[in-house]
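Read off the chains here:
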Amino acid sequence: MPQLDDFLAEHKDRFESDLFDLLAIPSISADSDYKSDLLRAGQWVAEKFRRIGLSVEMVETAGHPIVYAESPPVEGAPTVLVYGHYDVQPPDPLDEWISPPFEPTCRDGNVYARGATDDKGQMLTHVLSAEAWMETAESLPLQIKYVIEGEEEVGSEHLAPFIAENKEKLACDVVVISDTSQFAPGQPAITYGLKGIAYFELRVQGPRQDLHSGTFGGAVSNPCNGLAHILSSLVDEEGRVQIPGFYDDVLPLDSRERRQFAGLPFDERGFMEQIGVEAVHGEAGYSTLERRWARPTYDVNGIWGGYQGEGEKTVLPAKAGAKFSFRLVPDQDPKKIAEALREHLTAVCPPGLELELEERHGAPGFVVSLDSPFMSAAALAIEQGFGRSPVFIREGGSIPIVTCMSEHLGADVLLLGWGLDDDNTHSPNEKFSLTDFHRGIKSSAHLWRELSRIGAS
Ligand code: BES
Ligand code: ZN
């Protein structure tokens, strides 16, 4: 496709400036102060689709708007649905950013900004590839429907009913998502499994108000002590979650998959260096890749309570709290996990403390079959974009809506990641390699051609 490839090569600067424009909008979905910026980001995406020549709708929800766009149907070719998100995670801690999170800045071939890789940069590759087709061939070789939402980072609560209520409108043969990573720099990957999640907030209340820890300490339960006890009761030293029944539905790793993971050139030393630790640690009996990709895990995401100011204060605090989550694997059910957790908490709660458990977002884990013509088409397209064929991996992150999409639309899912494990997603100094941005656009442009050859279902 020389004409298309030339167009991509000639428009690199323009594509980058599009990306920087979108990155400058602080679309932080977790923080209600940014509601108008989410609207602005959604409108930016909608305007981009309009300029390309697609029909566009902004779908209002009780949360942030969903941007829906589509190109015309193409007889004899399959229909693709591209999913992505324009919302981002909070950028804190702010003082650890080298350049401000919403002032996209280039250093060493990367663009640094919150959302650079997750997911504005990756999502845009599928928009710009459509633009390239429209500019060079005046049409796309297959129908593309786009669902770009603003609530992925907070659990996609309002997208799920939109999918369930619009099955016909969203009917497609395959869903394409770029919101994952390569296996290593220059070694692209197709992800065939993601983890699910069950996220909780726990509040612990003790005495009516803060007390003198000398006068009252040791005679009543301390909410901070109690919280530490409860949180640590959830996992043992071997990394096994201690909630009864937690592992009952876990899809075990089979020996074929374990061999396949072990055959990947994973550099454990490099992994430790990248994140600055001297040792790995996790569930006994499993390798680092197995723990990261295919075993359920438990992490405390935030914890508070007691005196945090300068100096010392001998206080027995009245309350404490934590946010924590389990990453789930197929076939664990987030609802069942929540019920079992409630029972466990009741059993381990120290006397005199009251617990309030709030269930936040939940989504099941996901695995997809590697045997599909769409997978082979994606592998060919990636080879053309990256100059190297992809490896097949699972990942530990979650994209809450994937299971809902695959179930309601009955479509295959292609998770094609252009990011890197060291892109600092959800951390300070998030980045995206501009080389990978352009490789992603090229892979995507070729993907439309490769998929169009498969024929409609
Ligand atoms: N892009 C990630 C998902 C991801 C992360 C896939 C790492 C593969 C590897 C996505 O935007 C994300 O971060 N999702 C959240 C979902 C949660 C808030 C429900 C996540 O995984 O924490
Ligand atoms: Zn994402």
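Details of the structure are given in the entry above.
Quick summary incoming for the structure in this document. As the structure is a prediction and not an experimental result, all values here were calculated from the model.

Each value, and the rule that gives it
Counting restarts for each chain: residues are numbered from 1 in the order of the written sequence. Each chain takes a letter, starting from A, and each ligand takes a number, starting from 1, following the order in which they are written. pLDDT decides what is reported in this predicted model: residues at 70 or higher carry local features, side-chain atom pairs at 80 or more are listed and counted, and totals for whole chains, interfaces and linings draw on all residues regardless. Here the side-chain values reflect all heavy atoms present in the structure, with hydrogen atoms and water set aside. Note that water is not among the atoms considered, so a metal site may appear incomplete; the donors listed are N, O and S atoms within 2.8 Å of the metal, with 3.2 Å applied to Na, K and Ca. A site with four donors is called tetrahedral when every donor-metal-donor angle falls between 85 and 135 degrees; four donors are called square planar, and six octahedral, when opposite donors sit more than 155 degrees apart and all other angles fall between 65 and 115; any other arrangement is irregular. For the purposes of this entry, the term helix denotes a DSSP run of H or I that reaches at least four residues, the term strand denotes a run of E that reaches at least two, and both are numbered from the N terminus. Exposure is judged per residue with a 1.4 Å probe applied to protein chains only, and the accessible area is read against the type maximum: over 50% gives exposed, under 20% gives buried, and values in between give partly exposed. For the purposes of these results, a polar contact is taken to be a pair of N or O atoms within 3.5 Å, where, inside protein, one atom must be able to donate a hydrogen and its partner to accept one; residues adjacent in sequence count only when each atom of the pair is a side-chain atom. The contact definition used throughout considers only heavy atoms, calling two residues in contact when any of these lie within 4.5 Å. Take a side-chain nitrogen of Lys or Arg and a carboxyl oxygen of Asp or Glu: if they are within 4 Å of each other, that pair is a salt bridge. Any residue with a heavy atom lying within 4 Å of a molecule or strand is counted as near it. With residues, only the protein chains shown are counted as cover, and all accessible areas are computed by Shrake-Rupley using a 1.4 Å probe.

### Describing the coordination of the zinc ion (ligand 2)
Here comes step 1: At this site the zinc ion (ligand 2) is bound by His-85 (NE2), Asp-118 (OD), Asp-179 (OD) and Asp-179 (OD), with donor distances of 1.8 to 2.4 Å.
Here comes step 2: Metal-centred angles of 55 to 164° between the six donor atoms at the zinc ion (ligand 2) mark the site as irregular.
Here comes step 3: Mapped onto the polypeptide sequence, the residues donating to the zinc ion (ligand 2) form the spacing pattern H-x32-D-x60-D. Taken together, the positions of Asp-118 in helix H4 (residues 116-137) and Asp-179 in the loop between strand S7 (174-177) and strand S8 (189-194) put the pair 61 residues apart, joining distant regions of the chain. An identical accessibility class is assigned to Asp-118 and Asp-179; each is buried.

### Topic: the side chain of Thr-288
Here comes step 1: Mapped onto the secondary structure, Thr-288 falls in helix H10 (residues 288-294).
Here comes step 2: Of the polar contacts made by the side chain of Thr-288, one reaches the side chain of Glu-268; its length is 2.6 Å.
Here comes step 3: Those residues in contact with Thr-288 that lie beyond four places of it in its chain are Phe-266, Glu-268, Phe-271 and Val-280.

### Let's talk about the pattern of salt bridges
Here comes step 1: Applying the stated criterion to the full structure yields 27 salt bridges.
Here comes step 2: Between Arg-40 and Asp-37 there is a salt bridge; the shortest N-O distance is 2.8 Å. Of this pair, Arg-40 and Asp-37 both sit in helix H3 (residues 35-52), three residues apart, which is roughly one turn of the helix.
Here comes step 3: Assessed through its relative accessible area of 42%, Arg-40 is described here as partly exposed.
Here comes step 4: The partner of Glu-47 in a salt bridge is Arg-51, and the shortest N-O contact between them spans 3.4 Å.

### Quick look at the site of ligand 1
Here comes step 1: Ligand 1 sits among 16 residues. The nearest are Glu-152, Asp-179, Arg-327, Ser-398 and His-426.
Here comes step 2: In the environment of ligand 1, an oxygen atom lies 2.8 Å from a nitrogen or oxygen atom belonging to the side chain of Glu-152.
Here comes step 3: In this structure, an oxygen atom belonging to ligand 1 sits 2.8 Å away from a side-chain N or O atom of Arg-327.
Here comes step 4: Starting from 510 Å² of accessible surface for ligand 1 in isolation, the protein chains cover 88%.

None of this, on its own, says anything about what the molecule does.
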